[in-house]
Amino acid sequence: MNAEVPERVQGIYQEVLRRNPGEGEFHQAVREVLESLAVVLDRHSEFSEMKTVERICEPERQIIFRVPWMDDRGEVQINRGFRVEFNSALGPYKGGLRFHPSVNLGIVKFLGFEQIFKNALTGMPIGGGKGGSDFDPKGRSDAEVMRFCQSFMTELYRHLGEYTDVPAGDIGVGAREIGYLFGQYKRITNRYESGVLTGKGLGWGGALVRTEATGYGAAFFAEAMMKVRGESFDGRRVVVSGSGNVAVYGIEKVHQLGGTVVACSDSSGYVVDEKGIDLDVLKQVKEVERGRIADYADRVASAQFVDGGSVWDVPCEVAIPSATQNELDGDAAAVLARNGCRYVVEGANMPATPSAVKVFRESGVAFAPGKAANAGGVATSALEMQQNASRDRWTFEHSEARLAEIMRDIHARCHETAEEYGSPGDLVLGANVAGFLQVAEAVHAHGLI
């Protein structure tokens, strides 16, 4: 760790490494938080005495299970399922399910650990958790996805409940998967417990703005960052990585706020459209046809597709990485800084590597960590839970206004906490400290459990 980090925090980190070997992403997430917490431990001796940090770094429960299912050819497939119920000090465990070949215990623990602080920052009564499977829904038929989801939920259901653990979607888990999962939960429990899953369809308990929430929220957070500097999105060039749910709706809101998104990407490469990404075409390609980003360039005359390469080579003033973890490294960060980028806002979870964050700090680029900037998704999930509990349905306008208010409040908390703890403008420290303090106080209030 950094030389200036107190020895007691170094000891906590070394113990995390010892107890969780081979979980690189989890180690990275813990390290980033611990570096921010050194200043907190200097002020609050009770956190050291009660081993508060150590307790928060250890999940309350880790569930790993077999998921057998049969494909359309009649061949038996075996996947592995995970649910890490990390911390329930503030409310029921809340966090998405990710279906992707890369999913393993370390990835789920990294995401669940981040989720603790992200959920705390929303101000909503929700704890932190995460789950998923190494199942890949790409190229699978609806019938195969249904059979997998039913097998997955047949084991997981016993650990869920609207007052216990409330999953949502993540990479590879959209409205289709949530529908199959909810149907199996209802079938097994004989309860129409709407609040047990979020991201549901609008016709059966889903909330307006939930689909748009993470992307919209990142744009609202970026707007708040700019406002502190007396600036706005008006006329700004923006690059968004990815072309999934977060990217698509981040692009939509940036355009509404006056910016122009000139590039986006997928795993095959990226497109540059100097006129601004045509959202209707992008939605048709990605949401309807589930196609590749190259298909966008085939249909839009002003667009150019670049096979492979880095979308961060495209000059911009605002960058919103919205694809996956560790997608933006130190070299890419240096290119962004040289090309005049002034704001980086994480739409995905931990998309910037530690070396990239270091470059941004040294270059004076304003940087917003995912646990703050992309909290709009889980915040709106909590609003969905609220509506389910009261058997109510809010309008799109009311829901979006609540989301915008929550994101502005998160930015204000991070900004003010960074100043209070001696690092003005450091939103990484502000987010980590503000989230930790809220969770730590609840942990202490509940006793040694």
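Note that the structure is predicted; figures quoted are calculated from it, not measured.

Criteria and thresholds
Residues numbered from 1 in each chain as written. Predicted model: local features only at pLDDT ≥ 70, side-chain atom pairs only at ≥ 80, totals over all residues. Heavy atoms only, no water. Helix = DSSP H or I, 4+ residues; strand = E, 2+ residues; numbered from the N terminus. Contact = heavy atoms within 4.5 Å. Pairing = 2+ DSSP bridges. Axes fitted to C-alpha atoms, helices over the stretch in contact; angles between N-to-C directions. Expected span 1.5 Å × (residues − 1). Buried < 20%, exposed > 50% of the residue type's maximum accessible area, 1.4 Å probe, protein only. Phe/Tyr/Trp six-rings, centres within 6.5 Å; stacked < 30°, edge-to-face > 60°. Lys NZ or Arg CZ within 6 Å of the ring centre and 35° of its normal. Patch = residues over 30% accessible without salt bridge, like charges linked within 9 Å, V, L, I, M, F, W, Y side chains within 5 Å. Areas by Shrake-Rupley, 256 points an atom, 1.4 Å probe, with all protein chains shown as cover. Salt bridge = Lys/Arg side-chain N within 4 Å of Asp/Glu carboxyl O. Lys, Arg positive; Asp, Glu negative; His and termini not counted. Parallel < 35°, antiparallel > 145°, perpendicular 65-115°, else oblique. Left-handed = near helix turned anticlockwise from the far one by under 90°. Nonpolar A, V, L, I, M, F, W, Y, C, P; charged D, E, K, R; others polar.

Caption draft 1: How the structure looks around the environment of Val-261. Assignment of secondary structure puts Val-261 in strand β7 (residues 260-266). Distance from Val-261 to Arg-237, taken between C-alpha atoms, is 6.1 Å for residues 24 residues apart in sequence. Val-261 has contacts with Val-238, Val-240, Ile-251, Val-254, His-255, Asp-273, Gly-276 and Ile-277, leaving out every residue within four places of it along the chain.

Caption draft 2: Molecular detail of the sheet that holds strand β1 (residues 61-70). The 5 strands lie next to each other as β1-β2-β4-β3-β5, forming an open sheet whose pairing is mixed. Across the chains shown, the open sheet's two edge strands, defined by having one partner strand only, are β1 and β5 (165-169). Ignoring strand direction, the axes of neighbouring strands in this sheet form an average angle of 20°. Here β1 pairs with strand β2 (residues 76-87) via 10 bridges, running antiparallel. Within the sheet, the bridge partner assigned to Gln-62 lies in β2 and is Val-84.

Caption draft 3: The arrangement of helix α15 (residues 376-389) in detail. Over its 14 residues, α15 extends 20 Å from the first C-alpha to the last, a length consistent with the 20 Å expected when each residue adds 1.5 Å. With 12 of 14 residues buried, α15 is to be regarded as a mostly interior element. Those residues of α15 that sit buried are Gly-376, Gly-377, Val-378, Ala-379, Thr-380, Ser-381, Ala-382, Leu-383, Glu-384, Met-385, Gln-387 and Asn-388. Along its buried surface, α15 packs onto β3 (93-99), α5 (105-122), β5, α8 (213-228) and α16 (396-420). Backbone geometry just after α15 places Arg-391 at a positive phi near 55°.

Caption draft 4: Summary view of the packing of aromatic side chains. Applying the stated criterion to the full structure yields 18 aromatic pairs. Relative to Phe-367, the ring of Phe-360 has its centre 5.8 Å away and its plane inclined at 20°; by these criteria the two rings are stacked. The residues Phe-360 and Phe-367 share a single accessibility class, namely buried. For the cation-ring pair, Arg-43 lies above Tyr-421, with the distance from its terminal atom to the ring centre recorded as 4.1 Å. Above the ring of Tyr-216, the side-chain terminus of Lys-253 is found at 4.5 Å from the ring centroid.

Caption draft 5: Region of the structure containing unusual backbone geometry. Even without a glycine there, the phi angle at Arg-290 is positive, about 50°. Mapping Arg-290 onto the fold places it in the loop between α10 (279-288) and α11 (293-299).

Caption draft 6: Spatial organisation of a nonpolar patch on the surface. A cluster of nonpolar residues, Met-70, Val-76 and Ile-78, forms a patch on the protein surface that exposes about 290 Å² of accessible area. Its location among the elements puts Val-76 in strand β2. Assessed through its relative accessible area of 53%, Val-76 is described here as exposed.

Caption draft 7: Region of the structure containing the pattern of salt bridges. This structure, assessed with the given rule, holds 31 salt bridges. The partner of Arg-176 in a salt bridge is Asp-142, and the shortest N-O contact between them spans 2.7 Å. Of this pair, Arg-176 sits in helix α7 (residues 175-189) while Asp-142 sits in helix α6 (residues 142-156); the two residues are 34 residues apart in sequence, bridging distant segments of the chain. Taking the shortest distance from any N to any O, the salt bridge between Asp-426 and Arg-361 comes out at 3.2 Å. With Asp-426 in the loop between α16 and α17 (427-445) and Arg-361 in helix α13 (residues 354-363), this residue pair connects regions lying 65 residues apart in the sequence. A network of salt bridges, in which partner residues are shared, links Glu-231, Arg-236, Glu-317 and Arg-342.

Caption draft 8: Structural view of the side chain of Glu-212. Note that Glu-212 resides in the loop between α7 and α8. Among buried Asp, Glu, Lys and Arg side chains, Glu-212 stands out as unpaired, with Lys-283 the closest opposite charge at 6.5 Å. In this view, Glu-212 contacts Tyr-249, Glu-252 and Phe-396; residues no more than four positions away in its chain are not counted.

Caption draft 9: A look at the packing of helix α12 (residues 330-338) against α13. Look at α12 against α13: their axes get within 7 Å of each other, and the N-to-C directions meet at 25°. Considered as vectors, α12 and α13 are oriented roughly parallel to each other. Judged by the twist between their axes, the crossing of α12 over α13 is right-handed. Contact with α12, carried on its side by Gly-330, Ala-333, Ala-334, Leu-336 and Ala-337, involves Ser-355, Ala-356, Val-359, Phe-360 and Ser-363 of α13 and no other residues of that element. Of the residues that constitute the contact of α12 with α13, the class distribution is 7 nonpolar, 3 polar and no charged.

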